[in-house]
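# A look at the structure
What follows is the residue order along each chain.
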Amino acid sequence: KELKQFLYPYVDFLDHSLKLQLKASGTFEKLNVEKFVVQMPNSQVKLQGQIRNIHHARDLEITVQAADNIIAPHDLLSCLPGLHLPDLTFLGAVKYSLTYEGRPLNFKTRFVGTTAAGDLSVDGKMKIDPTSIAYSGTASVHSLALESIFHNKKLTSNLNAKLTFDCGGFNPRTMTGIAKVEMDSSMLNGLSIQHSVFVFDVADGVVRSHVAASIES
């Protein structure tokens, strides 16, 4: 609330007690962030890294490491009401680590997190040019519980899957890419899913799929 008095309306979304710690040194050309910590009642976000070329936006580069963080969704709702964030309390306390390296439009990142609805890891990169968008990487889920995500107790699951993708563009008519989903040791509504592979190939506005599945009731 004290920050709102001095920085209104730029931090008008704040409405609770937050504790901030920042230790940084350097120049606009190379700013070293040795410590940046945000603490809420049941959450802590801490990171370190480096920001380069702050004075030349087109050449801005960012390196961030954030390890052993925890976010309680209820904290986000109570501390940041002005952002109108969705209610994600069904996830429970989210523990995660992440890295980010690159420019705003050309970067690679890695995220590893655990929640009450399952575990998620993402390792990917993206490059956005004036005429094209390219992105690739992997995403994995472990013990994913769809009933928690969709608030439907009839939709029981324990999914373990890995998605590998290499794509260009987002327009269904012009995008190209290939995606592979691998599942094993999973369960969905009483169905046992063993080693199964789903491949999707997109080009010329057409989606082609190939499936090799092992499902038992």
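Right, let's walk through the structure included here.

What counts, and at which threshold
Residues numbered from 1 in each chain as written. Predicted model: local features only at pLDDT ≥ 70, side-chain atom pairs only at ≥ 80, totals over all residues. Heavy atoms only, no water. Phe/Tyr/Trp six-rings, centres within 6.5 Å; stacked < 30°, edge-to-face > 60°. Buried < 20%, exposed > 50% of the residue type's maximum accessible area, 1.4 Å probe, protein only. Helix = DSSP H or I, 4+ residues; strand = E, 2+ residues; numbered from the N terminus. Polar contact = N/O pair within 3.5 Å; in protein donor to acceptor, adjacent residues only side chain to side chain. Contact = heavy atoms within 4.5 Å.

## Description of the packing of aromatic side chains
In this description, an aromatic ring pair is defined by two values, namely the gap between the centres and the angle between the planes. Taken as a whole, this structure holds 4 aromatic pairs when the rule is applied. An angle of 25 degrees between the planes, with centres 5.1 Å apart, marks the rings of Tyr 100 and Phe 107 as stacked. For Phe 107, a relative accessible area of 19% gives the class buried. For the pair Tyr 135 and Phe 165, a centre-to-centre distance of 6.3 Å together with 50 degrees between the ring planes defines the contact as tilted. Of this pair, Tyr 135 sits in strand E8 (residues 133-144) while Phe 165 sits in strand E9 (residues 157-168), placing them 30 residues apart in sequence.

## Observations regarding the side chain of Arg 52
Relative to the assigned elements, Arg 52 resides in strand E3 (residues 43-52). Using a relative accessible area of 17% as the deciding quantity, one classes Arg 52 as buried. Separated by 2.6 Å, the side chains of Arg 52 and Gln 50 make a polar contact. Beyond its immediate chain neighbours, meaning those up to four positions away, Arg 52 contacts Phe 28, Glu 29, Lys 30, Asp 59, Leu 60, Glu 61, Ile 62 and Thr 63.

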